[in-house]
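Residue-level listing of the chains:
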Amino acid sequence: MQLQVWGTETDSHPYKVDAGELFEAYRQCRRSKRNKASAMAFEVDYEEKLYELHELLESGQWTPSPSLAFVVRRPVLREIFAADFRDRVVHHWLMNKVNPLLERYFTEDSFACRPYRGTHYGIARMYQYMHSGPEGQYNPRLHVLKMDISGFFMNIDRAILYKGISLWLSAYYRGGDLPLVVEVLSKIIFNDAASNCIRRGKRRNWKGLPRNKSLFHSPEGCGLPIGNLTSQILANFYLHPLDVFVRGRLGIACYGRYVDDFVLMHEDPKVLLDAREQIREFLEKKLNLQLHPHKVYLQHSGHGLPFLGVIIKPGRIYVGPRIKSNFYQTIQRFNRQIRAGRPDAAGLNAFRQSINSYLGLLKHYQSRRLRRSFLMKKLSGYWLNFFGIRGGYSKVVPLVRPARRAPPRRLVC
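For the structure given in this document, a descriptive report is provided here.

The rules behind the values
- Residues numbered from 1 in each chain as written.
- Predicted model: local features only at pLDDT ≥ 70, side-chain atom pairs only at ≥ 80, totals over all residues.
- Heavy atoms only, no water.
- Pairing = 2+ DSSP bridges.
- Helix = DSSP H or I, 4+ residues; strand = E, 2+ residues; numbered from the N terminus.
- Axes fitted to C-alpha atoms, helices over the stretch in contact; angles between N-to-C directions.
- Parallel < 35°, antiparallel > 145°, perpendicular 65-115°, else oblique.
- Left-handed = near helix turned anticlockwise from the far one by under 90°.
- Contact = heavy atoms within 4.5 Å.
- Nonpolar A, V, L, I, M, F, W, Y, C, P; charged D, E, K, R; others polar.
- Salt bridge = Lys/Arg side-chain N within 4 Å of Asp/Glu carboxyl O.
- Buried < 20%, exposed > 50% of the residue type's maximum accessible area, 1.4 Å probe, protein only.

## Here we look at the sheet that holds strand β9 (residues 310-313)
As a general point, the strands of a sheet are linked pairwise by backbone hydrogen bonds and lie either parallel or antiparallel.
Argument step 1. Strand order in the open sheet made by the three strands is β8-β9-β10, with antiparallel pairing throughout. Strands with a single pairing partner mark the edges of an open sheet, and in this sheet they are β8 (305-307) and β10 (316-319). Strand-to-strand twist of the sheet, defined as the mean angle between neighbouring strand axes without regard to direction, takes the value 25°.
Argument step 2. Pairing of β8 with β9 involves three bridges; the strand directions are antiparallel. When the bridges of β9 are listed, Leu305 appears paired with Ile312.

## A few points about the packing of helix α4 (residues 85-105) against helix α8 (residues 229-249)
Argument step 1. As a packed pair, α4 and α8 sit with axes 10 Å apart at the nearest point and diverge in direction by 25°. With respect to α8, the axis of α4 lies roughly parallel. The handedness of the crossing between α4 and α8 comes out as left-handed. Together, His91, His92, Met95, Asn99, Leu102 and Tyr105 of α4 and Leu229, Thr230, Ile233, Phe237 and His240 of α8 make up the contact between the two elements.
Argument step 2. Here the residues of the contact of α4 with α8 are counted per class, giving six nonpolar, five polar and no charged.

## Let's talk about the pattern of salt bridges
Argument step 1. Scanning all chains against the criterion turns up 18 salt bridges.
Argument step 2. In this structure, Arg114 engages Glu103 in a salt bridge whose closest nitrogen and oxygen atoms are separated by 3.0 Å. Separated by 11 residues along the polypeptide, Arg114 in the loop between α4 and α5 (119-130) and Glu103 in helix α4 bring together distant segments of the chain. The burial state of Arg114 is the same as that of Glu103; both residues are buried.
Argument step 3. The closest approach of N and O atoms between Arg125 and Glu108, which form a salt bridge, is 3.7 Å. On the criterion of sequence distance, the pair formed by Arg125 in helix α5 and Glu108 in the loop between α4 and α5 is long-range, its members being 17 residues apart.
Argument step 4. Owing to a relative accessible area of 14%, Arg125 belongs among the buried residues under this scheme.

Honestly, it's all geometry; don't read function into it.
Shown next, in the form of structure tokens:
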């Protein structure tokens, strides 16, 4: 497939980059990242660096810098490619231009990396589908089919992605800087992150990671790095045809997708089995993707639907085993810190933020008994010298100790 990739040396670049847009992208990029080494290095002289980046974009000389490749083990073993901070600013600048259009283009059936359509929205939508009977009651005839795509990010065909996004932008993008936007997108899409990276840690850290989960083993011309804002949004665009196919061609009304995990619901299990075969054929022919042969869940809805870390059942939503295990391990880690010595102010703050993040997640679901058990039985009582438990076991708050009164002064006559 011959594709025109803009940004060659013979191209002219009469398009201007709005400096205000670039600064806004920098402001968004540094949010919650100001303590990172790359962000602090950029912030030391951010005005000069933004000016240089502005010049590179306008002259067409910007190219992605090497990413930092490493492996994380929680919540699951996963390979991450962290882009250079300067490149993250470009990612935000680009997505600020493209994402509002994409939001009008996407259906309501995809939930990942979208404003107001995250995990809680996706879980609530699946719950509503399960309770699509009269007056929102549970539909006892429903069956659920949950499927997954094998090594999704590592098998995204860059040529198919670029052709689709460039044609779509040509049809819908009305900005005068269209060639510049497509040029930057092409550089991001066709950047071979696996050969343009710096590995952090030892190679044995990758032990246990399946080959189809690593960009270093992706097929030629395939793969987007996990960890970039652009990868998440472009992945949504890549699978948008699947959403249209399931809704339009197959006529499945109860459908939802979070990245490459997607769920179909129907009263007839034979319809779901037929849909699975049609989806497999569609993914292979149109998107060069494969359904995961072992991650297929077909059950009556009464048995529950495991989705996004929870288990959706008639009339209730339970927390899944992975979240429980991670919360338990976090509590044990803080208990070990107590045995090692009295925590300082930073340790107390880390405890409060970490525990409250889990409690804030758990309180959305039927988990009061779980929260009470973990806080009152698993957590060391020593922490209760510093924190109280409020809101029905949904928050830990620092104890406010009364100020010590100074002894009265003695009057000398």
